[in-house]
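This is what each chain is made of:
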Amino acid sequence: MAKILIWGTGSRAKRNYKIAKRTGMLDNNTIIGFIDNNSKKCGTSIEGLPVMLPSEIKNVQYDYICIWSTYKQEILEQMEKELFIPLDKEKDILKEYFLNSLKDKYSLNYNEEIKSILEIIDKSDDISVYNFVPECKDELYEAFYDENADLYYIFFENKRLYLKREYEFILMNNKKYVKNIWYEQDINSPHLYEEGDVVVSSNDVLVDAGVCEGNFSLHNIDKVKKVYLIECNPDWIEALKYTFAPYKDKVVFCNNFLSNIDSGNKVSLDNLLKGEKISFLKMDIEGEEINALYGARKTLTNSIGVKCSICSYHHNNDEMEIKRILKSYGMNVTTSKGYMLFLYDIDVCKNPELRRGIVRGIKQQ
């Protein structure tokens, strides 16, 4: 049983530690503590494990150091040049686990696309839900404070996009920033909603189910005739009302859970729209997509030319079932390119697999 030190105490380290516990790999590896250069964190603990300074590593018996920090290259240099720790002591047990599991799983189906994904995972500094080479460079958006709203916002495509109260900002030089808010919609992303003929067009009626911060609808707000914003998180609803205040004449808010029933805080799309025809349905609702599609049968059957982008990575076999449902509504279907590694699904942690990010459908005129 290997003894592991985790270098890093930020969001990446905490996230990866939780994922590692879900995989069961800690049955064969023991995490004995965390390392951080910040002396103020020395003496504190994470999950009951001590946080130590790098200078204390020499006093600990360990087998490997696992670097879960955005400063990995700097830490490797510090290990080698300041602490004289051999670099073969560095080992990312989480990435190794997922990479080896995926290689075994797809050994009989090792096509070029999967090979490319595995190469990206192997070369990355951290395990990721998204594994692609972005077309666009990283972008930082400075956050500004609105005293009247008591909320922070960024300028996204020259429009104010407000952020929920508990948003985790990047802090640099006493300023707050948001990184990669359009990353999911990079042209090479497996989570790309619009591609080919499946795009939002002028005067469309857009249904955005699972709005989150609202970047997709804000990106399309000037061209659509109307947009339904369906978001069940009250923190995001508060921010969204400020973001879309300039467009209130074309926006309808819904803070219920989209599903196939109409009861309590759940609503079906058929009941919400009450016969109104729509043009574009985007859906990212944390695994409730299949039920919500069942609850949209009348809407999608009666809306001629409707286009859909439905997330298909939350559960095993969602892709096949979503395709089947959309075909039953008379649609031609395709999938996004690439694959996602949905680390927040316990099934993926226990039995790693790659999943298509988006199923797209379009109903012919």
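Here is a short report on the structure shown in this document.

Rules of the game
Residues numbered from 1 in each chain as written. Predicted model: local features only at pLDDT ≥ 70, side-chain atom pairs only at ≥ 80, totals over all residues. Heavy atoms only, no water. Helix = DSSP H or I, 4+ residues; strand = E, 2+ residues; numbered from the N terminus. Core = buried A, V, L, I, M, F, W, Y, C linked by side-chain atoms within 4.5 Å. Buried < 20%, exposed > 50% of the residue type's maximum accessible area, 1.4 Å probe, protein only. Contact = heavy atoms within 4.5 Å. Pairing = 2+ DSSP bridges. Axes fitted to C-alpha atoms, helices over the stretch in contact; angles between N-to-C directions. Phe/Tyr/Trp six-rings, centres within 6.5 Å; stacked < 30°, edge-to-face > 60°. Lys NZ or Arg CZ within 6 Å of the ring centre and 35° of its normal. Salt bridge = Lys/Arg side-chain N within 4 Å of Asp/Glu carboxyl O. Polar contact = N/O pair within 3.5 Å; in protein donor to acceptor, adjacent residues only side chain to side chain. Expected span 1.5 Å × (residues − 1).

## Concerning unusual backbone geometry
One can expect most non-glycine residues to show negative phi and most peptide bonds to be in trans. Look at Asn158: it is not a glycine, yet its phi comes out positive at around 65 degrees. Within the element layout of this structure, Asn158 appears in the loop between β8 (151-156) and β9 (159-162). You will see that Asn173, though not glycine, has its phi angle at about 50 degrees, which is positive. Here Asn173 is to be found in the loop between β10 (170-172) and β11 (175-179).

## So, the nonpolar core
In terms of nonpolar packing, the biggest core is built from 73 residues, with Trp68, Phe98, Ile154 and Leu341 touching the most fellow members. Per-element tally for this core: the top contributor is helix α3 (residues 93-105), with 6 residues. Leave out the neighbours within four places in its chain, and Trp68 touches Ile6, Trp7, Gly8, Arg12, Ala13, Asn16, Tyr17, Ala20, Asp92, Ile93 and Leu94. Membership of the second largest hydrophobic core comes to 29 residues, among which are Leu258, Ile278, Ile285 and Cys308.

## Digging into the pairing of strand β20 (residues 358-363)
Every other side chain in a regular strand lies on the same face of the sheet, so the side chains alternate between the two faces. Most of β20 sits inside the fold, with 6 of its 6 residues counted as buried. Both faces of β20 are covered, namely the face carrying Ile358, Arg360 and Ile362 and the face carrying Val359, Gly361 and Lys363. Bridge count between strand β18 (residues 307-311) and β20: 5 bridges; the pairing is antiparallel. Note that in β20 the partner of Ser309 across the bridge is Arg360. Summarising the sheet, strand β19 (residues 331-335) and β20 pair through 5 bridges and their orientation is antiparallel. From the neighbouring strand, Thr335 faces β20, where its bridge partner is Val359.

## Notes on the sheet that holds β9
Taking strand neighbours across the sheet as the criterion, the 3 strands line up as β7-β8-β9 in an open arrangement whose pairing is antiparallel. Only two strands of the sheet have a single neighbouring strand rather than two, namely β7 (144-146) and β9. Taken pair by pair, the neighbouring strands of this sheet meet at an average axis angle of 45 degrees, ignoring direction. Both β7 and β8 contribute to a ladder of 3 bridges, which runs antiparallel.

## A closer look at the packing of aromatic side chains
Considering all chains together, one arrives at 20 aromatic pairs under this definition. Arranged with centres 5.4 Å apart and planes meeting at 50 degrees, the rings of Phe156 and Trp182 form a pair that is tilted. Within this pair, whereas Phe156 is found in strand β8, its partner Trp182 is found in the loop between β11 and β12 (205-209), the two being separated by 26 residues in sequence. Judged by relative accessible area, Trp182 falls into the partly exposed class, the value being 22%. Members of the aromatic cluster, joined through ring pairs, are Phe144, Tyr153, Phe155, Tyr162 and Tyr242. Seen from the ring of Tyr62, Lys89 lies directly overhead, with NZ or CZ sitting 5.5 Å from the centre. Sitting over the ring of Tyr64, Lys91 keeps its end group 4.5 Å from the ring centre.

## A short note on the pattern of salt bridges
Applying the stated criterion across every chain, the model contains 22 salt bridges. With a shortest N-O distance of 3.2 Å, Asp222 and Lys159 are connected by a salt bridge. Placement of Asp222 in the loop between α5 (215-220) and β13 (226-230) and of Lys159 in strand β9 is noted, with a sequence separation of 63 residues between them. Judged by its relative accessible area of 56%, Asp222 falls in the exposed class. Overlapping salt bridges, with partners in common, bring together Arg12, Arg15 and Asp126 in one network.

## Some points on helix α6 (residues 234-243)
Residues of α6 that are buried: Trp236, Ile237, Ala239, Leu240 and Thr243. Buried-residue contacts for α6 involve β8, β9, α5 and β14 (251-254). A distance of 2.8 Å separates the backbone nitrogen of Asp235 from a side-chain oxygen at the start of α6, and that oxygen is part of Asn233.

## Re α3
The end-to-end C-alpha separation of α3 is 18 Å, in line with the 18 Å expected for 13 residues at 1.5 Å each. By the burial criterion, the buried members of α3 are Ile93, Leu94, Lys95, Tyr97, Phe98, Leu99, Ser101 and Leu102. Tucked into the core, α3 has its buried residues touching β1 (2-7), α1 (11-23), β2 (29-35), β5 (64-67), α4 (112-123) and α11 (346-350). Between a side-chain oxygen at the N-terminus of α3 and the backbone nitrogen of Leu94 the separation is 3.2 Å; the capping residue is Asp92.

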